[in-house]
Amino acid sequence: MNADGATARAQQPKRVGRLDGVRALCALGVAAVHTSFAAGVMGAYTAKPGNEVLATLLAGLRPLALGPFFVLSGMLLYRPFARWTLAGGSRPRLGPFMAKRLARLWPAYILLALVCVFLLNYDAVDGPWYVLRPILMLQVYDYTWIAGMDPAWTVPAEMQYYLALPLLAVLMHWMAGRTADPVKKVRRMMIPPAVITVASAVWTWWIHRPEMGVYPEEYWWPFAVGGAFALGMAMAVVHVLAEMKPHDRPALYRLAARRPLLLCGAAVALYAVNCTQPFGRPGYGDYEGVGLAVTQYFLLLAFSFLVVMPLSVPEAKSRVIDAVVANPVARYLGRISYGIYLWHFAIMYFWFETGSVFGTEPALMQQLRGTISFPELMSAVLVGSILAASLSHYLVERPVIAAVGRWARRKEAAATAAPAPATPSKEEHVLTQ
């Protein structure tokens, strides 16, 4: 990397608060969508919305609120690999990388799985495999429904892309290594993410065809979210190129730096478009047909880019944005957002008092819809999931992450004398631990 690029990165201000804040908003948005369905606010098939205005606004978050999670993962995790390819130096060590990824996802997920299996679904346990299946993140492949883990299908998907990322990085490094021009390198590096994005769109079309039925087993496989993860990887390339060429940064980077509110406003406009549920029914949580599913796939990518890009550019200044996503409450909720996302559905089952611990089989949410009002259920979900997420974060996740981080630092310190990878920014260090 040239001196200008190194200086630019060294001068980057901390952006942890903003990125944590957007994670909080997305987690709360997902929780609100699911709660509104369970409370009968959002319509479903023959059941009309309980509140058309609120149902329309919340249905507009489906599935947009999921996108930034995957984009942030792809962007933050691939950035050190992008620096390896574009700026030289050593490849990030795969052992510490994978250990940190497992420490980030697995402990909280295992805790949720054990609670849901033994408290809500104990009567359904028919052998060791019933318990091991969710712990190994394999329940999505034969789709085994485990009450309380309903939204956790995205965690195995995330893990699959963690495993794939180093392989993709090697491929993109090889493709870029055939030229010395940084711009040409970038163009070649963009080919695999583009292929993944197109393939993921085709997969989305395929699983939503009428002949596949409603929520086919393949729906839960990781391929449908590949486009968002690939978009994050592409954004990482843009960020690294901007670091290397601070006086000739990519146009999209410059726009995000100068007009962050413009991009965020465009994201709000796309959310408004999705509220109309193109090719679907506003205010309903039906399984998407082909037209709505494919449209939402591209809306999710555009929305996620417009949300994440201005928050991840250090030069982007906006008091409005900081007030929304960088305030102390948003930052705290962002730190525990993974737990909020994991626990909100389980909290609903406990509040409905359905499951083995209550002496019954866990009921389907379709059977429970409308039996508890939205304000009551949403309050219970907020309080319960924040409490559960806080306990998980401080008692389970942080100790494991800290221990693995110490191990990783020892491994990296013991590495043979080779050019060290570029030091990650504070933002990347915190969010990728």
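The coordinates are above.
On a predicted model such as this, the values are computed, not experimentally measured, just so you know.

Visitor: Explain the pattern of salt bridges to me, please; I cannot follow it from the model alone.
Guide: In a structure, side chains of opposite charge can pair up when their charged atoms sit close to one another. Applying the stated rule across the entire model yields 9 salt bridges. Linking Arg18 and Asp322 is a salt bridge whose minimum nitrogen-to-oxygen distance equals 2.7 Å. Residue Arg18 is located in helix H2 (residues 16–38), and its partner Asp322 is located in helix H14 (residues 319–325); the two are separated by 304 residues in the primary sequence. Between Arg281 and Asp286 there is a salt bridge; the shortest N-O distance is 2.7 Å. Accessibility expressed as a relative area gives 37% for Arg281, which makes it partly exposed. Classification of Asp286 as buried rests on a relative accessible area of 16%.

Visitor: How should I be thinking about the environment of Leu61 in this particular structure?
Guide: Its location among the elements puts Leu61 in the loop between helix H3 (52–59) and helix H4 (67–87). For the pair Leu61 and Cys275, spaced 214 residues apart in sequence, the C-alpha separation works out to 7.5 Å. When residues no more than four places from it in sequence are discounted, the contact partners of Leu61 are Gly29, Val33 and Tyr271.

Visitor: Can you help me understand the packing of helix H11 (residues 251–258) against helix H12 (residues 260–275) in this one?
Guide: What describes two packed helices is the angle between their axes and the distance between those same axes. In the contact formed by H11 and H12, the axes pass within 5 Å of each other and the chain directions differ by 95°. Judged by the angle between their axes, H11 and H12 are roughly perpendicular. Counted together, Leu255, Ala256, Ala257 and Arg258 of H11 and Pro260, Leu262 and Leu263 of H12 form the full contact between these two elements. Counted by class, the contact of H11 with H12 contains 6 nonpolar, no polar and 1 charged residues.

The rules we used
- Residues numbered from 1 in each chain as written.
- Predicted model: local features only at pLDDT ≥ 70, side-chain atom pairs only at ≥ 80, totals over all residues.
- Heavy atoms only, no water.
- Salt bridge = Lys/Arg side-chain N within 4 Å of Asp/Glu carboxyl O.
- Helix = DSSP H or I, 4+ residues; strand = E, 2+ residues; numbered from the N terminus.
- Buried < 20%, exposed > 50% of the residue type's maximum accessible area, 1.4 Å probe, protein only.
- Contact = heavy atoms within 4.5 Å.
- Axes fitted to C-alpha atoms, helices over the stretch in contact; angles between N-to-C directions.
- Parallel < 35°, antiparallel > 145°, perpendicular 65-115°, else oblique.
- Nonpolar A, V, L, I, M, F, W, Y, C, P; charged D, E, K, R; others polar.

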